[in-house]
Amino acid sequence: MSAAPTAATRPGPQPNRRARGGRRPAVPVGRRLVLAEPRRLAAGALAVGLALMLVLLFQGLWAGVQAQVTVYEDRTGADLFVLGPGATNLFAEGSTLPASTVDTVRAVPGTSWAAPVRSGFSVLDMHGTKVAVTLIGSVPGQPGGPWAIARGRAARADDEAVIDASLAAAHHLRIGDTLPVQGRMLRVVGLTTGPGSFMIGMVFVSHDAANALLSTPGTTSVVLVGTTDPAGVRARLAAAGQHVLDKAQVRHADLTLATRIYGQPLRLMVASAIAAGTLIIGFVTYTGVVERRRQYGLLKALGAGRTAMVRLAFAHALALGLLGTVAGSGLVYAVRALLAWWRPQFPVILTPAAFGYATAAGLAMAIVAGLLPATRLARLDPATAFRSA
């Protein structure tokens, strides 16, 4: 007769086998605690996402500022800029030169071309609203005017103007409309491509018209210089007593001025958004620890050490930080599209560096915000699990 089946050979349910190494499969306690209240998790992630969206938005606005404050000198095609004594900026410092400076520059050996530009600020009365613009006057057919025209043509007469696309979009201006400038009415004959200067629109007119509007006859603001020998021409102009800057110096001066005006407020707003996100993560994580302290106490009573408890707190905080980063990345695209339609003069340029900064900020926020809940869990008394509510 055959032997009776043993426990090892008997068919039917077998006892649970231990995992490799003699350990039972780990229970995903951290994940279960994080997902215990999905609504609160979603609300917290959305709130963190809004904070990180502001971080991305302000970073994008700053990138837009940097791209736009140098848009004019980047597109004029000039290699050198002759300015008034001591001036470093094309528009902000009121540079003034006698009109004869153009002939002086043209006579310098190595100069390919020289073109005068008269610039100044003006305040327009648009639909009952005061609108600041930069008035730029150039000689028709010479460099210094609009860099590219999307619709219409360049201004040829003294009562005509070309405006940048952002100014036209913000005030619903079209070709053929009139523009009130310094008490005179100019007819819009063209629209430029792309954005103009940051926040302040550009109005391009003839050089004579600009001098008449700004009451500066017989002068110019800057002489644009084209040359294949920038260093040699600059040295010769400096020897002739002219104040000359190259494109890099003008761009640096513009960016320095923009940083002084816009940089500090934007950095302050970024810091405020990061602080708000940190507080949100800390509040949601700490509230979860307090409300589920009996469950955490039971874990500690069952043998969970301080390291494991701290890890649980940081897991919750990091989950909020990562989910908030994803939410913020999606929200910023929606806000950018809204701004492009509502306020086209505020371009938001999103770069990979900005997303990297936001991700790092989200992780830093989670780590800082997890410190208080982690400390609370590390000091939690296991007896909490057995106390009455």
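Residues numbered from 1 in each chain as written. Predicted model: local features only at pLDDT ≥ 70, side-chain atom pairs only at ≥ 80, totals over all residues. Heavy atoms only, no water.

Naming follows an unreviewed UniProt entry, where the chain appears as Putative ABC transport system permease protein of Krasilnikovia cinnamomea. Comment text from UniProt for the chain, heading Sequence similarities (unreviewed entry), reads "Belongs to the ABC-4 integral membrane protein family." Taken from UniProt, the Subcellular location (unreviewed entry) comment for the chain reads in full: "Cell membrane". (UniProt positions renumbered as here; feature names shortened; annotations may be inferred.)

## A short note on the overall build of the chain
Scanning the chain from N- to C-terminus turns up 12 helices and 12 strands. Dimensions of the chain, computed from C-alpha atoms along their principal axes, come out at roughly 120 × 50 × 50 Å. With 389 residues in all, the chain has 44% of them scored as buried. The long-range share in the chain, meaning contacts at least 24 apart out of those at least 6 apart in sequence, stands at 80%. Of the roughly 19,800 Å² that the chain leaves accessible, carbon and sulfur atoms contribute 61%. On the chain, the mean spot of the 37 positive side-chain charges and the mean spot of the 18 negative ones are 27 Å from each other. (Helix = DSSP H or I, 4+ residues; strand = E, 2+ residues; numbered from the N terminus. Buried < 20%, exposed > 50% of the residue type's maximum accessible area, 1.4 Å probe, protein only. Contact = heavy atoms within 4.5 Å. Areas by Shrake-Rupley, 256 points an atom, 1.4 Å probe, with all protein chains shown as cover. Lys, Arg positive; Asp, Glu negative; His and termini not counted. Charge placed at Lys NZ, Arg CZ, Asp CG, Glu CD.)

## Describing empty space enclosed by the protein
This structure, assessed with the given rule, holds 1 cavity of 30 Å³ or more. By volume, the largest cavity amounts to about 40 Å³. Lining the largest cavity, in full, are L33, V34, E37, R40, L41, R292 and H316. At the level of secondary structure, the elements contributing two or more residues to the lining of the largest cavity comprise α1 (29-34) and α2 (38-68). A per-class count over the lining of the largest cavity returns 3 nonpolar, 1 polar and 3 charged. (1 Å grid on protein atoms, 1.4 Å probe; cavity = no way out; pocket = protein on both sides within 12 Å on 5 of 7 lines; lining within 4 Å. Points joined across faces, edges and corners; volume = space filled by probe spheres on them. Nonpolar A, V, L, I, M, F, W, Y, C, P; charged D, E, K, R; others polar.)

## What to know about helix α11 (residues 352-369)
The end-to-end C-alpha distance of α11 is 25 Å, a good match for the 26 Å that 18 residues give at a rise of 1.5 Å each. Residues of α11 that are buried include every one of A354, F355, A358, A361, G362, M365, A366 and A369, and no others. Within α11, the buried residues cover an arc of 130° as seen down the axis, which keeps them to one side. In α11, the exposed positions that point more than 90 degrees away from the buried face belong to P352 and A353. Elements that come into contact with the buried residues of α11 comprise α2, α8 (247-291), α10 (306-342) and α12 (371-378). (Expected span 1.5 Å × (residues − 1). Arc of directions from axis to C-beta.)

## Thoughts on the domain arrangement of the chain
The domains assigned to the chain are domain 1 (33-68 + 263-384) and domain 2 (85-242). Spacing between the C-alpha centres of domain 1 and domain 2 amounts to 47 Å. (Domains from an automatic or database assignment.)

## Quick word on the UniProt feature "domain: ABC3 transporter permease C-terminal" (unreviewed entry) in the chain
Here the UniProt feature "domain: ABC3 transporter permease C-terminal" (unreviewed entry) sits at residues 269-382. Span residues 269-382 is 83% helix and 0% strand, its end C-alpha atoms 43 Å apart.

## Some remarks on unusual backbone geometry
Positive phi outside glycine occurs at Q182, with the angle close to 50°. Relative to the elements of secondary structure, Q182 occurs in the loop between β7 (178-181) and β8 (184-192). Phi angles above zero are rare outside glycine, and S215 is one such case at about 55°. A relative accessible area of 62% places S215 in the exposed class.

## Overview of the packing of aromatic side chains
Taken as a whole, this structure holds 3 aromatic pairs when the rule is applied. An angle of 20° between the planes, with centres 6.0 Å apart, marks the rings of Y333 and F355 as stacked. Of this pair, Y333 sits in helix α10 while F355 sits in helix α11, and the two are 22 residues apart along the sequence. (Phe/Tyr/Trp six-rings, centres within 6.5 Å; stacked < 30°, edge-to-face > 60°.)

## Comments concerning the confidence of the model for the chain
The predicted structure's coordinates, where accompanied by low pLDDT, should not be read in detail. When pLDDT is averaged along the chain, the result is 87; 90% of the residues meet or exceed 70. Scored below 50 in pLDDT, residues 15-22 makes 5 contacts in the model with residues more than four places away or belonging to other chains. (pLDDT = per-residue confidence, 0-100.)

## A closer look at the UniProt feature "transmembrane region" (unreviewed entry) in the chain
Per the UniProt entry, the sites bearing "transmembrane region" (unreviewed entry) are residues 41-62, 268-289, 310-334 and 354-372 in this numbering. Strand forms 0% of residues 268-289 and helix 100%; the C-alpha atoms that close the span are 32 Å apart.

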